Amino acid sequence: MMQTLGVEIDMIEKGVVTLSAPILESSRQQHGVAHAALTFALGDTAAGYAALSVMEEDSEVMTAEIKINLLASGQGDRLVARGKVLKRGRRLVVVSADVFARTGDREVLIAVLQGTMIPV
């Protein structure tokens, strides 16, 4: 799905990941802005990769639950999601992500996510 959406990994550090994706015609809703599904997918994936970055080499993670607050419409050329680990436990990893709509150098915060990843 990430390939279909044109998602790119912009930055990876331990516990922090930044992803971005163009707002393609196929990812817009009826008002011409980024669909909330693109916003959610990008934020969830950035948060999941952030969780994965603090796990053991042969581990994977899955989203157990995640909540999104949509703050503004996704008007712009790209979406940028910055995921981070808030707390790593033995059984759960609490994560968050901020999603921005970017036009040129200007970014507007459009969504915040918070959730829980489980190691598998």
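I will try to describe carefully the structure that is included in this document. (Residues numbered from 1 in each chain as written. Predicted model: local features only at pLDDT ≥ 70, side-chain atom pairs only at ≥ 80, totals over all residues. Heavy atoms only, no water.)

1. Points about a nonpolar patch on the surface
Going by this rule: Each patch is built from residues that are more than 30% exposed by relative accessible area and take part in no salt bridge. Like charges join if they lie within 9 Å; nonpolar side chains (Val, Leu, Ile, Met, Phe, Trp, Tyr) join within 5 Å. Computed with the Shrake-Rupley method and a 1.4 Å probe, the accessible areas treat only the protein chains shown as cover for residues. Any carboxyl oxygen of Asp or Glu within 4 Å of a side-chain nitrogen of Lys or Arg constitutes a salt bridge here. Helix numbers and strand numbers start at the N terminus; a helix is a DSSP run of H or I with at least 4 residues, a strand a run of E with at least 2.
Where nonpolar side chains cluster on the molecular surface, the patch consists of I9, I12 and Y49 and spans about 290 Å² of accessible area. Mapped onto the secondary structure, I9 falls in strand 1 (residues 8–13).

2. Some remarks on the nonpolar core
Let me state the cut-off plainly: Here, the term nonpolar core denotes a set of buried Ala, Val, Leu, Ile, Met, Phe, Trp, Tyr and Cys residues that are joined through side-chain atoms within 4.5 Å. The rule is simple: take the accessible area with a 1.4 Å probe, protein chains only, and divide by the maximum for that residue type; under 20% is buried, over 50% is exposed, in between is partly exposed. It only takes one pair of heavy atoms within 4.5 Å for two residues to be counted as in contact.
With 31 residues, the main nonpolar core has V7, L42, L79, V93, V95, V99 and M117 as its most contacted residues. Mapped onto this core, the elements with two or more residues apiece are helix 1 (2–5), strand 2 (16–22), helix 2 (36–52), strand 3 (61–70), strand 4 (78–88), strand 5 (93–103) and strand 6 (106–119). Take this core: its biggest share by element is seven residues, from helix 2. Excluding residues that lie within four positions of it along the chain, V7 makes contacts with M2, L19, S20, A21 and L42.

3. Focus: the sheet that holds strand 5
Rule in force here: Note on pairing: two strands pair once DSSP finds at least 2 bridges between them. For every element, the axis is a line fit to its C-alpha atoms; helices are fit only across the contacting stretch, and the angle between N-to-C directions ranges from 0 to 180 degrees.
Pairing is antiparallel in the open sheet, where six strands are placed in the order 1-2-4-5-6-3. Two strands in the sheet have a free side with no partner beyond their single neighbour: strand 1 and strand 3. Averaged over neighbouring strand pairs, the angle between their axes works out to 20° when direction is ignored. Contacting strand 1, strand 2, strand 3, strand 4, strand 5 and strand 6, helix 2 runs over the sheet at an angle of about 40° to strand 4.

4. With respect to the pattern of salt bridges
Summed over the entire model, instances satisfying the criterion amount to five salt bridges. One salt bridge connects R78 with E8, and the closest N-O pair in it is separated by 3.7 Å. In this pair, R78 sits in strand 4 while E8 sits in strand 1, placing the two residues 70 residues apart along the sequence. Of the charged contacts, one joins R82 and E107 as a salt bridge, the two residues approaching to 3.1 Å between their closest N and O atoms. With R82 in strand 4 and E107 in strand 6, this residue pair connects regions lying 25 residues apart in the sequence. Exposure remark for R82: the relative accessible area of 31% places this residue in the partly exposed category. Connected through salt bridges with shared partners, the residues R82, R102 and E107 form a single ionic network.

Treat this as a map of the structure, not an account of what it does.
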